[in-house]
Each structure stands twice: as structure tokens, then as C-alpha cells.
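Architecture at a glance
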Amino acid sequence: MANETAATNTINIVPVQGIFNEDFSLVTLIGPAGTPFYANISPNQSGLNITASTINSTVIGGSVPAAGTFTNISTTTGQISTTPSASTDIANKYYVDSVAQGLNLKASCLVATTANLASLSGLLTIDGVTVAAGDRVLVKNQTLSQNNGIYVAASGAWARSSDMDTWAEVPSAFTFIQQGSTQADTGWVCISDAGGTLGTTPITWTQFGSAGNYIAGDGLALTGNTFSVLANGTTLNVSSSGVKISDTYPGQTSITTLGTITTGTWNGTTIAIANGGTGATDATTARSNLSAAKSGANSDITSMSGLTGSISSPTYIQMGSGSGTTLAAGRLWYDQTTGTWNAGMGNGNITQQIGEELFVYGKASAAINDSPLQAVVKTGTVGSSGTITFAPATAGIVHADVFIGMATENIANNGFGRITSYGVVRGITTNGAAYGETWADGDDIWYNPTTGGLTKTEPVAPGIKVKLGTVISAGSGGSGSFQVLINLGSTLGGTDSNVQFGTLANNDLIQYYAAGGYWRNIAPSTLTGVGSVANAVTFNNSGTGDASGATFNGSAAKIVSYNTLGAPKADGTGASGTWAIDISGNAATATTATTATSATSATTATNLAGGGAGYVPYQSGSGATSFVGAGTIGYVLTSNGTSAPTWQAAAGGVSFSDDTTTNSTRYPLFSTTTSGSASTIYTSSTKYQYNPSTGVLTATGFSGSGASLTSLSASNISAGTLGVAYGGLGITTTPSNGYIPIGNGTNYTAAAITAGTGITVTNGAGSITIASTSTGVTLSDDTTTNATRYPLFAAATSGTVSTEYTSSTKYQYNPSTGELTAPVPIASSGLLLNANTIATSYTIAATNNAVSAGPISVNSGVTVTVSSGATWVVV
């Protein structure tokens, strides 16, 4: 045997101490020198419960599983419900399938529509489910498919959901439906392509799948997710290669058992006419055998369907009567009953009688309903789509030209549709009940400016008058019809090219302005060149006596009168066609007269002796009449008291306006006379000016004592400004810089004011002196500052002092607390001692009442004496 080195293992055996609980459960083991002792533990353990421990310093367990890091995980089952977001996140099968299928996942919807919704607003019932505010709704069946999408329901207008309110979120969008009679548990995917425009490009949805059970129909079997065809082995055989007729079935070789052939190509012999064939092998023979029209002719064609492309160059198309034809979009027919060509328009709910009706296409800025009858006004435009916007009329419209038609179909808010601007609207409610009225056939209907609705009563000013049309057939429940014929009425100055009105006011007049070539409004106060009459003449063509006629200038006498009844009289009454002048100045009652100079003797009231053409009679004395000769055109008759009146030129009227705002120069007016009248008014533009907005009056100089001049600044008082010497002001001393005038009872003298001095007035009538001044003190009411403040004291009780004092070590005040601190109590008729220390002897006199509102401490050796009659109250 070869020599080998013996293998030696050295094992150190050391004593180990154990620490146990009272129940003898092990706490830990202690090795030599108190070092911890760890037993050699096998790496393969079973049934261990690791609590509050760490592996590689990373927490992986506990009562709630904590985060852990694993280099490898191998498991046979498990689930993860969260959707991955980071590039290293774990993904579940649902997410992987959706990505693999190219789906743009959206949150699920409560319900999905099954038909077009007239209005995307309100809490509607959809597929048997009434939605609540905040529910998501898949809208997929709108006639205008650009309005499809996912919406959030609301009591008002719906809005698109935030995860599908841009076109980038539309392509491949997928959502799942939760409830509904027919749509529950179905999935839908949007097949619209990228690059569209939301609200313009159609949005199309198709069903993607269903989470419900599949049902095998007749001839099918369902095993799990696999459908199989049921074959009886006699007539049909099913194999992996497909389904075929059984080789042993007799019908495989005999056509007699097949029945009707619906598809495929016939390659057999000619089929007889009796068996449904043509009995021919070519088209010409077939048409002949069937007695059909020759190729190219159409005289015996009774119906056409499925036509595509154009019909080239027909001479005409003769339509039969289409009375009773069902309305549909794109349908064209002739109604022999009404004699009209009709076209189905819009969404198949508008019939246009071609040439008899006009429509306006636009976008609704508010929901429009066609029943009951409703007027529509323009509200703006949509430039990108080339349409206008319109909405139902509301109260208070002041411009009639906004009315464009009547509602023809229901249009949802922000939806597109048509209204009728001229023609007949049918199938609507026209009985007036919706507007609190009863309408009948033939009633004219107006816009109601007060309510915004409609009325059969013509509006009154200032409301606008817009006639909308006439009721053809008054009906309820959509059985009525209405002739739209809008008459916008007129407003003076509204569209007239020769009328220009500014702001109108009560009693304004209309005046033609020849220079501008238009009519305008003016205030009566600005009217010039027209005389005024206090009491205008009234021409009365009925009645007799003094009751007829009227007076000039408030006089009781009838100056001029016209009457058709009664005998001519000098008092103004007269026979038919007779003018009469009362020359007596009073209400004469004589019925006969012999001369023109007496109201009691004139025989003809229209002829006065001594007069002439254009003469005016006047009473020159008691019982005497004289005349004033004819005056010059445009002159007025002016009274001269008891003397004869005279003719004088009429002075033009002047308009006055109180101008306090104009920031420009105005010129005061002057007259050459102090009484009577003047034909000319003067200004002094270079010497005397006034600014209404500032009140500044500018003149080259003033004369007089100047006693009434007030509020003049120092810069305004100078020799150059006042135009007088200093002596003119009573100043006896020539002033210089720093001097001011001071009165001494008889005149003024100049006194100098130096730095730190000012004017002191002893009393109202006393002397004025120059004395030193002190700087003013600013006072502030401080109630919040939490800091010490010192009360101020003066060395005098009157007059002026230059110094104020404090007592910082003895007397202090805190504004925020109101605490006043003093070394000794403060004498008062009602003293409050609150948590104070009395450091010196203190006597509460009979006139003082001390009230303690807190602890009071008295220093050692200090005596507090309460005099007889004083009161000490502890609160």
C-alpha cells in the first residue's frame, strides 16, 4: 500500500448558552465572549414561518406583502389586473390581445344607441335604460354620422368624453357596453381612419364581439367555442376538407330532387318557357319568344330598380300620379292631386314642392322644434362650413331683419337642418294652444315681441311688427299647415336711405335737411326761422254761436272763425263758406250791423270800410277802428302799447345750451344796447375767452376794487396780471422776495417771512404777526401694535409749544391690549386696579371708588387707606 497523508478535520467544541422565555421558548443563543450564536441551517427548509425578517436587507414579507425583487419567477397560475404603463411592467392577456388586435381601448359605456337620437341632450332612455348625469353613452346610429362617438350624459347638452374628444383618439377606438335590452355585453370598434376632422368626418362603429354565450342555430352544434355542422351521413357528409352531398344520396346524380336553383351557372340544354325559361339560346330570340320589347326600346317598361350610372339623353320622363307616395330622402315624384313636383329632402322629413317653397340650410345655435309653429331668427355664421346659424325667436327683438323663416324640422342644438323661408310647412301644430290662443283657418300670425312667441294679434308700438304668414289649416297633433310669408314691416329711419336719425327724444320734429339731402330729427328748441302761435286757430265746420272757432294768443275774442251753419255775425260765426273777423275784441252777439266800424252795426263781417289788401284792423279807441297798412313779407306786427302797432323785421331765434364739458375756447357775448332788441350780438375773441370744462375765464385785464375776486393764487396777483401798480393794492412798501402784504387796518404793508416763521392771527380782528412755526404732528389711531408706547405731555395748557414730553420709565401703554402701566395707582372717581402691585402708600379718597378686577399685591411696608365714604369693590 502506498503511503498516504492522513486527512484531519478539526472540530472546535465551545459552550453555548441559551436564553429562554418563561414558557421555555428559545429567545436566542449566546456563544463565547457573549457573541451571537447561529446554528448551521440547511438551505432546504419546509414549513417555515418567516416573520419580520429580511433577505439580503430587502423586506419581502410581513402581515401585508411588501415589495420584493426577484431574479426569476416561475408559476403555473396567477393574475394581474392592472394595465401596464412602464416598459418593464407585467401585462395581462386582455391587454396583449387588444394590442395585438390594434385596438385603442376606451373605458366601458353604460349603454349604446340603436337608432338616431333627435337631440344629444337630456336624461334619455336608450335601449331600455334611462341614463343618469355622468353616464357614458356610445352614440353610433346618428343620421349625420360625424356626430357619432362616446358622450357623457347630462341634464342639458351632452359633451364628448375626454378620451374621445379629438380625432387622434377616434381610429380603432374600442369600448364595451354594460347594459341594454339588445346591446348589453357587446364590444364595438370604430373603423374610421386617421386624418379626419372631428364633427366633419363620419365616425363608423362595428360590432367587435360579445361576452355573452353563443347559441348554435339549426344545423349547428356548439362545443366550447367551436361550431360544428350537423350532418346525418345520408344526405350530407362533413369532413376536414368541407361539406358535400353524400356520395350515396340519390340526388347526387338526379337533378329532379334538388328543387329551385337560386345560384350558379346553367350549362345544360335550353329551358322551355313553360318551365320558367326563354325557350331560346340568344337574347333576340328570347325577347321574341317572351313578346318583350326590342333591344333599346322602353315603351313597355313599367318599373325600374337598381339602376346605377346615368340615363343618357332621354327626350323626357313622363311621371304618373304620385299621390300618396311615402316621403323619403332623395325621392322625386309628381303629385297629380296638388299638381306639384315633390322632392324628399333633409333626413327624409321634408317635402319640397319644387318652385313653390324656399329653404335655408344652417346650424342651430339652440334646439329648434317644428311643432308647435315656431319662428326662427339668424344668430351668426359658421365660416368653415359656409352656413349661417339660427335659433328660435326670443322676447325683446328690436330689429325685424333677423327673421328668416319658420321651423320645418326638429334640429338639435349644434345640429344642421333646414327652415322654410317661403312656402307651406305641413304636418305641424297650428291651433295656437302653445301660445295661449285659439287660431282658425286664415288667421294672420305675428311675432310677439313681449313673449318671444307667436300671436294672431297685431303688435303695437314700440314693439316691432313682423307678420310671419297665414294659418292654412288650424290643427293639433301635427295635423296643421302654415303658409310662410314673412313681412318685416318698416321702421322710419331703419332702411330708408334718405332718413338719418340720431337719438330720438319726446316731441322731436322731423326736418328736411336740403344740404345733406335727407330727413333728420331735431329738438323743438333748435327750430329757427319759424314763428310761433300761442293758441293755433281751429276751423270748426259745425255748431253755431260763440262755441265755434278758437282764439289767437289766449284772447277771449274770436279773431278768425269759419262756420258752415248760422247767419253771418261779426263775432266770428258765419254762414257756409264765410270767413268772419271779430273786430270788437269781445264776444259780440249782434245779428245785424250797418257799418264795418261797429260790431253791432256791420252788415257784412268780411268787408270793413277804409281797409285794403293786406291791411290789419285794430281798435284805435272806444268805438273806433283803424288799420295798419300791408307790411313787408316776413315782418311781424309789434305792439306799441295804446299807439298803433307797427311792422318790424322778425329776429331769428337763438338756441341756448348749458355747456359745462367742452374743452375748447368759447367767447362771451355782448350787446350794443341794454333794452329793446338788437340784430347783432358781438364777441371779443382776442381779449375775452372761457373754457366750459375747466371754468377758466381769460381776460387781458380787470379794473375796479377787485373785492369780489376770490380763490386767486399768488401767481395770479402781479402787476402784469392785474394791470395795476402795487400802490393800487394799497401796499405802501415795495415788496421783494420773501415779502407778503399784511393789513394794518387802513392799508397794507410788506413784511418778510423767513425760514421757520409763519403768520399768526391773535384773533379775528386782532393784529397779524410773523412768528416762528413748529412742524406739524401726524396722528394715527393705533389699536393693534403689541409694543410699548409712551403718552405725550405738554408743558403748557394753551398757546403754542415747541416740545412734547414722555415719561418712558413711569408711564407706558400697549395699544393691542389696552393696558396702561404706572408705578402707582391712578387717582380716579372710578379706578380699576387689575392685577397690579401697589408699591407706595395709597389712599382711596371718598371721591374715588376703587374696583379690583384681579389680584392686587401690596409691597411690604406699603399702606393702602380707604377713606370714609370711599368704596372698594372686588369683582
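Conventions used here
Residues numbered from 1 in each chain as written. Predicted model: local features only at pLDDT ≥ 70, side-chain atom pairs only at ≥ 80, totals over all residues. Heavy atoms only, no water. Pairing = 2+ DSSP bridges. Helix = DSSP H or I, 4+ residues; strand = E, 2+ residues; numbered from the N terminus. Axes fitted to C-alpha atoms, helices over the stretch in contact; angles between N-to-C directions. Buried < 20%, exposed > 50% of the residue type's maximum accessible area, 1.4 Å probe, protein only. Polar contact = N/O pair within 3.5 Å; in protein donor to acceptor, adjacent residues only side chain to side chain. Contact = heavy atoms within 4.5 Å. Salt bridge = Lys/Arg side-chain N within 4 Å of Asp/Glu carboxyl O. Patch = residues over 30% accessible without salt bridge, like charges linked within 9 Å, V, L, I, M, F, W, Y side chains within 5 Å. Areas by Shrake-Rupley, 256 points an atom, 1.4 Å probe, with all protein chains shown as cover. Core = buried A, V, L, I, M, F, W, Y, C linked by side-chain atoms within 4.5 Å. Phe/Tyr/Trp six-rings, centres within 6.5 Å; stacked < 30°, edge-to-face > 60°.

Here the focus is the sheet that holds strand β19 (residues 332-335). Here we have three strands laid out as an open sheet, ordered β19-β20-β21, and antiparallel in their pairing. Strand pairing shows two members of the sheet lacking a second neighbour, β19 and β21 (350-353), which therefore form its edges. Between one strand and the next, the sheet's axes are offset by a mean angle of 30°, whatever the strand orientation.

On to the side chain of Ser-192, then. Looking at the element boundaries, Ser-192 is found in the loop between β13 (186-190) and β14 (205-210). Overall, Ser-192 belongs to the buried group, its relative accessible area being 9%. A distance of 3.0 Å separates a polar side-chain atom of Ser-192 from the backbone nitrogen of Thr-204. Not counting residues up to four positions away in its chain, the partners in contact with Ser-192 are Trp-167, Val-170, Pro-171, Ser-172, Pro-202, Ile-203 and Thr-204.

By the definition in use, this model includes four salt bridges. Of the charged contacts, one joins Glu-357 and Arg-426 as a salt bridge, the two residues approaching to 3.1 Å between their closest N and O atoms. One end of the pair, Glu-357, is in the loop between β21 and β22 (358-364); the other, Arg-426, is in strand β26 (residues 416-428), and 69 residues separate them in sequence. On the accessibility criterion, Arg-426 (46% relative accessible area) is partly exposed. For Lys-467, the salt bridge identified is with Asp-444, shortest N-O distance 3.7 Å. Highlighted residues: Lys-467 in strand β29 (residues 467-473) and Asp-444 in strand β27 (residues 444-447), separated in sequence by 23 residues.

The strand order β6-β9-β10-β11 describes an open sheet built from four strands, whose pairing is mixed. The open sheet has two edge strands with one neighbour each: β6 (111-112) and β11 (159-160). Here strand β10 (residues 149-152) pairs with β11 via two bridges, running antiparallel. Counterpart to Tyr-151 in the pairing with β11 is Arg-160.

What follows concerns the pairing of strand β39 (residues 688-691). Relative to strand β40 (residues 696-699), β39 runs antiparallel, the two being bridged by four bridges. Each residue of the ladder has a partner; that of Tyr-690, found in β40, is Leu-697. The loop that links β39 with its antiparallel partner β40 comprises four residues; one of these, Gly-695, has a positive phi angle of about 80°.

Residues Leu-220, Phe-227, Val-229, Leu-236, Val-238, Val-243 and Ile-245 make up a contiguous nonpolar surface patch of about 530 Å² in total accessible area. Looking at the nonpolar patch, the elements with two or more residues in it are β16 (226-229), β17 (236-239) and β18 (242-245). One can find Leu-236 in strand β17.

With that settled, the discussion passes to the environment of Val-238. Within the fold, Val-238 resides in strand β17. The partly exposed category is assigned to Val-238, whose relative accessible area is 41%. Those residues within four positions of Val-238 in sequence are excluded, and the remaining contacts are Val-229, Ala-231 and Val-243.

Counting residues in each nonpolar core, the largest one holds 21 residues, and the members touching the most others are Ile-397, Phe-403, Met-406, Tyr-447, Leu-454, Leu-468 and Phe-482. Put simply, the parts of the chain that give this core at least two residues each are β23 (375-382), β25 (403-407), β26, β27, β29 and β30 (480-487). For Leu-454, the residues in contact, after removing those within four places along its chain, are Leu-373, Gln-374, Ala-375, Met-406, Tyr-435, Glu-437, Trp-439, Ile-445, Trp-446, Asn-448 and Leu-468.

Quick look at the side chain of Gln-183 now. Summarising the element assignment, Gln-183 is placed in the loop between β12 (173-176) and β13. A relative accessible area of 10% means that Gln-183 is categorised as buried. A polar contact is formed between the side chain of Gln-183 and the side chain of Lys-140, at a distance of 3.4 Å. Here Gln-183 is in contact with Ala-112, Thr-113, Thr-114, Asp-127, Lys-140, Ile-177 and Trp-188, once residues within four sequence places are set aside.

Our next topic: unusual backbone geometry. Following Ser-371, the chain continues to Pro-372 via a peptide bond in cis, the omega torsion being 10°. Mapped onto the elements, Pro-372 comes out in the loop between β22 and β23. That bond from Ala-461 to Pro-462 is cis: its omega, 10°, falls within 30 degrees of zero. The phi angle at Asp-127 is positive, at roughly 50°, despite the residue not being glycine. One can find Asp-127 in the loop between β7 (125-126) and β8 (129-130). For Asp-127, a relative accessible area of 12% gives the class buried. Of note, the phi angle at Ser-172 is positive, near 60°, even though the residue is not glycine. By secondary structure assignment, the location of Ser-172 is in the loop between β11 and β12.

A word on the pairing of β25. By the criterion of burial, β25 is predominantly enclosed, with five of the five residues buried. Note that β23 and β25 share three bridges and pair antiparallel. Looking at the pairing, Val-377 lines up with Phe-403 of β25. Here two bridges tie β25 to β26, and the two strands are oriented antiparallel to one another. Looking across to β26, one finds that Met-406 is bridged to Thr-420.

Overall, the coordinates contain six aromatic pairs when judged by the stated rule. Taking 5.9 Å as the distance between ring centres and 15° as the angle between the ring planes, the aromatic pair formed by Tyr-435 and Trp-439 counts as stacked. With a centroid separation of 6.5 Å and 55° between ring planes, the pair formed by Tyr-615 and Phe-627 is classed as tilted. Here the residue Tyr-615 occupies a position in the loop between β34 (578-581) and β35 (616-621), and Phe-627 occupies one in strand β36 (residues 624-628), the gap between them amounting to twelve residues.

Such coordinate-based values are descriptive only and should not be taken to indicate function.
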